[in-house]
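Single-letter residue listing:
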Amino acid sequence: MNSKRFYLTIATLLVYSLGFSQQQKLADTVAGIPVNYKEDKAGTYTLPDPLTLNNGKKVTSADGWMKKRRPEILNMYQEIQFGKAPGKPDAMAFNVFDKGTPVFNGTAIRKQVTVYFTKDTSDHKMDLLIYLPANAPKPAPLLLNISFVPNCLSVGDSGVKKGFMWTKEGKKVSATQTAFRKFEVEKFITNGIGVALVYYGDIEPDFAGGLPYGIRSQYLGASGKPAPEDWGAIAAWAWGLSRAMDYFETDKDINAKKIAVTGASRLGKTVLWTGAQDQRFAMVIASISGEGGAALSRRNFGETIGHITDPARYLYQFAANYHDYSNRVDQLPMDAHMLVSLIAPRPLLLQTGNTDFWSDPRGEYLSARAAEPVYKLFGKTGPGDHDFPAPGDTSLLNPLGYYMHEGGHAVLPTDLDVFVTFIKKYLIAN
Ligand code: GCU
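Residues numbered from 1 in each chain as written. Predicted model: local features only at pLDDT ≥ 70, side-chain atom pairs only at ≥ 80, totals over all residues. Heavy atoms only, no water.

Asker: How do you make sense of the overall build of the protein when you look at a structure like this?
Answerer: When its secondary structure is counted, the protein shows ten helices and 13 strands. Against the compact-globule benchmark of 22 Å for 430 residues, the protein has a radius of gyration of 21 Å, which places it among compact chains. Taken along the three principal axes of its C-alpha coordinates, the protein extends 60 × 55 × 45 Å. Summarising the internal contacts of the protein: among those between residues at least 6 apart in sequence, 70% fall at separations of at least 24. Surface summary for the protein: the accessible area is close to 17,700 Å², and the carbon and sulfur share equals 54%. (Helix = DSSP H or I, 4+ residues; strand = E, 2+ residues; numbered from the N terminus. Rg over C-alpha atoms; globule rule 2.2 N^0.38 Å. Contact = heavy atoms within 4.5 Å. Areas by Shrake-Rupley, 256 points an atom, 1.4 Å probe, with all protein chains shown as cover.)

Quick look at the structure:
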């Protein structure tokens, strides 16, 4: 490697290590609650059976799953964990202000759309940035990514509308450069896959006390306060992704039946909940989703419900009810394998990192194994009896797929190559 390349590589790695939220240090306690990182202290537990109905009867068919058990589990997540969200707003409107501009040397067509959530168009709106492959058959399949930064910072394209970001004081300010790496749109375009990007802050801000500023403020009841089962920020972001899907269904250049949705970390949790609730999404790719996402909560390793729902940390991302399970996880009627199972039979990829201990990559693998009986009802496979894979092992890219990179809490360029493989195999070929 020549020296210029070497420094470029170091610079790139630095940017990745700054990616998303900072990798948590292996602290003994978080929010005053001990954190376990020892495999032999992860405890023993019995997971609820995804196939046993609340009345004790077993579900044995795909039809029984879809009609009886799936709604029960969905309801548990709505009541307890993510909270209940409203439906599609009557006043929603789309403004396609960029109708198709050739970009990236003519290999892609860019569209930009503002989705208005309310009648008043001054606030509560989301910008959708869309790239479609110019040289592939239309309508195009597409990967929808929910990002931590505004669209203008997500990609290297000066034609993208300048967006806003949040300050902790609840002010929207012009997007300023951050250390976040760009989303590699062209990697997908060259493979015939469109990309759409949404900034999560357009939907709901991401801080405790953010409620008055985001879309949730528009749905408060007469008390002006959320009820314990009302939606948290994650459900609000998921709701926004469903509104993006509402737009895709109107665009004849986009194949709305072939939309994959992806996000990382708290946004990995978000895309799992999006796919669980909104079956129009044909595929979910959930990166480093961890606690409250695909990692088993009953397994005491890394983050726990107590840590995540601490009011000084991330309780605002969930229904308030979730906090009640901090000290009695064994009484939860569900666990993360049941969130995973709600995606069945649609392809789902869980992407993790082997040193992302806080997010418990093994807990995600065990969750996939425990969800597999549901996929099997549809003749689809998961990890089977394959051991916990080594980092970089691509042999678990089954419809209920699992992939772990060598490294920490991030989505690496090599992960995106795996996403392309997964999308080609299960979204495009099928
Ligand atoms: C924190 C949080 C995680 C979350 C992560 C992120 O580490 O504890 O649950 O996934 O932030 O969103 O980056």
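Asker: How should I be thinking about the side chain of Ser147 in this particular structure?
Answerer: Within the secondary structure, Ser147 is located in strand E6 (residues 140–147). Accessibility expressed as a relative area gives 7% for Ser147, which makes it buried. Side chain to side chain, Ser147 and Asn145 meet in a polar contact 3.1 Å long. In this structure, Ser147 is in contact with Ser154, Leu197, Val198, Tyr199, Tyr200 and Leu267, ignoring residues within four places of it in sequence. (Buried < 20%, exposed > 50% of the residue type's maximum accessible area, 1.4 Å probe, protein only. Polar contact = N/O pair within 3.5 Å; in protein donor to acceptor, adjacent residues only side chain to side chain.)

Asker: Looking at this model, I keep getting lost on the sheet that holds strand E9 (residues 194–199). Mind explaining?
Answerer: Sheet architecture is open: nine strands sit in the order E3-E4-E5-E9-E6-E10-E11-E12-E13, paired in mixed fashion. For this open sheet the edge positions go to strand E3 (93–103) and strand E13 (400–405), each flanked by a neighbour on one side alone. The average angle at which neighbouring strand axes cross in this sheet is 20°, direction not considered. Sheet analysis places strand E10 (residues 254–264) next to strand E11 (residues 283–287), joined by five bridges and oriented parallel. Bridged to Thr262 within E11 is Ile285. Strands E6, E10, E11, strand E12 (348–353) and E13 of the sheet are contacted by helix H10 (residues 413–428), whose axis makes an angle of about 165° with E11. (Pairing = 2+ DSSP bridges. Axes fitted to C-alpha atoms, helices over the stretch in contact; angles between N-to-C directions.)

Asker: Help me understand the layout of surface pockets, please; the structure alone is not making it clear to me.
Answerer: In this approach, a probe sized like a water molecule rolls over the atoms, and the result shows the empty space that is left. Approximately 460 Å³ is the volume attributed to the largest pocket. Taken together, 22 residues line the largest pocket, and the ones lying closest to its centre are Phe148, Lys168, Tyr200, Asp206 and Arg266. A breakdown of the residues in the lining of the largest pocket according to their chemical character gives 14 nonpolar, four polar and four charged. (1 Å grid on protein atoms, 1.4 Å probe; cavity = no way out; pocket = protein on both sides within 12 Å on 5 of 7 lines; lining within 4 Å. Points joined across faces, edges and corners; volume = space filled by probe spheres on them. Nonpolar A, V, L, I, M, F, W, Y, C, P; charged D, E, K, R; others polar.)

Asker: Mind showing me how you'd approach the nonpolar core here?
Answerer: For soluble globular proteins, the rule of thumb is that nonpolar side chains tend to be buried together. By size, the foremost hydrophobic cluster in this structure holds 119 residues, and its most contacted members are Leu128, Ile130, Tyr131, Leu144, Phe188, Phe248 and Trp273. With twelve residues, the single largest contributor to this core is helix H5 (residues 233–248). The contact partners of Ile130, leaving out residues within four places of it in the chain, are Ile109, Arg110, Lys111, Val113, Leu142, Val195, Ala196, Tyr247, Phe248 and Ile254. (Core = buried A, V, L, I, M, F, W, Y, C linked by side-chain atoms within 4.5 Å.)

Asker: It is not clear to me how the pattern of salt bridges should be interpreted in this structure. Could you clarify?
Answerer: When the charged atoms of two side chains lie near each other, side chains of opposite charge can form a pair. One pass over the full model with this rule turns up 25 salt bridges. The partner of Glu39 in a salt bridge is Arg362, with the nearest N and O atoms 3.5 Å apart. With Glu39 in the loop between strand E2 (33–34) and helix H2 (62–81) and Arg362 in helix H9 (residues 361–377), the pair connects residues that are 323 residues apart, well separated along the chain. Accessibility expressed as a relative area gives 38% for Glu39, which makes it partly exposed. Residues Lys252 and Asp253 are paired through a salt bridge, measuring 3.8 Å at the closest nitrogen-oxygen approach. Taking relative accessible area as the criterion, Lys252 reaches 71% and is therefore assigned exposed. (Salt bridge = Lys/Arg side-chain N within 4 Å of Asp/Glu carboxyl O.)

Asker: So what exactly am I meant to see when it comes to the packing of aromatic side chains here?
Answerer: Aromatic ring pairs: the centre-centre distance and the angle between the two ring planes describe each pair. Taken as a whole and assessed by the stated rule, the structure comprises 25 aromatic pairs. Residues Tyr37 and Phe301 carry aromatic rings whose centres are separated by 6.0 Å and whose planes lie at 85° to one another, so their mutual orientation is edge-to-face. Within this pair, whereas Tyr37 is found in the loop between E2 and H2, its partner Phe301 is found in the loop between E11 and helix H7 (305–308), the two being separated by 264 residues in sequence. Taking the relative accessible area as the measure of exposure, Phe301 reaches 7% and is therefore buried. Judged by centre distance (5.9 Å) and plane angle (70°), the rings of Trp231 and Trp239 are edge-to-face. By relative accessible area, which is 5% here, Trp231 ends up buried. (Phe/Tyr/Trp six-rings, centres within 6.5 Å; stacked < 30°, edge-to-face > 60°.)

Asker: Could you clarify how one ought to interpret the environment of Ile288 in this entry?
Answerer: The residue Ile288 is located in the loop between E11 and H7 in this model. Given the relative accessible area of 1%, Ile288 is considered buried. Separated by 120 residues in sequence, Ile288 and Gly408 have C-alpha atoms that sit 9.0 Å apart.

Asker: In this structure, what is going on with helix H6 (residues 266–277)? I would like to understand it.
Answerer: The terminal C-alpha atoms of H6 lie 17 Å apart, and with twelve residues this matches the ideal 16 Å at 1.5 Å per residue to within 8%. Along H6, eleven of the twelve residues are buried, which leaves the element largely enclosed by surrounding structure. Here H6 has its buried residues at Arg266, Leu267, Gly268, Lys269, Thr270, Val271, Leu272, Trp273, Thr274, Gly275 and Ala276. (Expected span 1.5 Å × (residues − 1).)

Asker: Please clarify how the pairing of E13 should be interpreted in this entry.
Answerer: On any regular strand, side chains alternate: one points to one face of the sheet, the next to the other face. Across the six residues of E13, six count as buried, placing the element largely inside the fold. Burial along E13 is two-sided: Leu400, Tyr402 and Met404 and Gly401, Tyr403 and His405, pointing in opposite directions, are all buried. Summarising the sheet, E12 and E13 pair through six bridges and their orientation is parallel. Within the sheet, the bridge partner assigned to Leu349 lies in E13 and is Gly401. The parallel pair E12 and E13, bridged by H9, forms a crossover whose chirality is right-handed. (Right-handed = clockwise from strand over helix to strand, strands pointing away.)

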